[in-house]
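# Commentary on secondary and tertiary structure
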Amino acid sequence: MKKYLNLAENPNAKVNANVLEVEVYYSLGGMNYWTGREEKRGYYLGVSPLEKRGNMIEYVGFSGIKQLIKPVARKSAKAEAEAEKLAAQYEENLINYVLQQNNLQLAESEKIA
């Protein structure tokens, strides 16, 4: 599952971004060479600010966040469906964290209730 939330224009933002990407994805886990930490295998919820222009997407390193929401031994359709349901519990907190850390705001049409 991947979705995009529009961001309001903000000249004081720490990153150039016009959308927030919210994605549930599977990771094999292992060593993360960027952080130097071992990561568990499973389904993660990731939230990242990015700039979309036409077919081009520009990510800004270390501006997003991810959280393990369902540890698994192997990838499966059933586990993926469960992870997508669990993502709803964490989504709002992760979105608010990324917005706060990067001085961003959701567009009026995207406000979380």
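Structural data are supplied above this passage.
Below is a summary of the structure that appears in this document. Just so you know, these numbers come straight off a predicted model, no measurement behind them.

### Here's the deal with the overall build of the protein
- Helices and strands together make up the secondary structure of the protein, namely one helix and seven strands.
- In the protein, the order of α-helices and β-strands from amino to carboxyl end is β-β-β-β-β-β-β-α.
- A compact globule built from 113 residues should have a C-alpha radius of gyration of about 13 Å, and the protein, at 15 Å, falls within 12% of that.
- Along the longest, intermediate and shortest principal axes, the C-alpha atoms of the protein span 45 × 30 × 25 Å.
- Sequence separation of 24 or more characterises 57% of the internal contacts of the protein that already satisfy a separation of 6 or more.
- Put simply, the protein shows about 7500 Å² of open surface, and 47% of that area lies on carbon and sulfur atoms.

What counts and what doesn't
Residues numbered from 1 in each chain as written. Predicted model: local features only at pLDDT ≥ 70, side-chain atom pairs only at ≥ 80, totals over all residues. Heavy atoms only, no water. Helix = DSSP H or I, 4+ residues; strand = E, 2+ residues; numbered from the N terminus. Rg over C-alpha atoms; globule rule 2.2 N^0.38 Å. Contact = heavy atoms within 4.5 Å. Areas by Shrake-Rupley, 256 points an atom, 1.4 Å probe, with all protein chains shown as cover.

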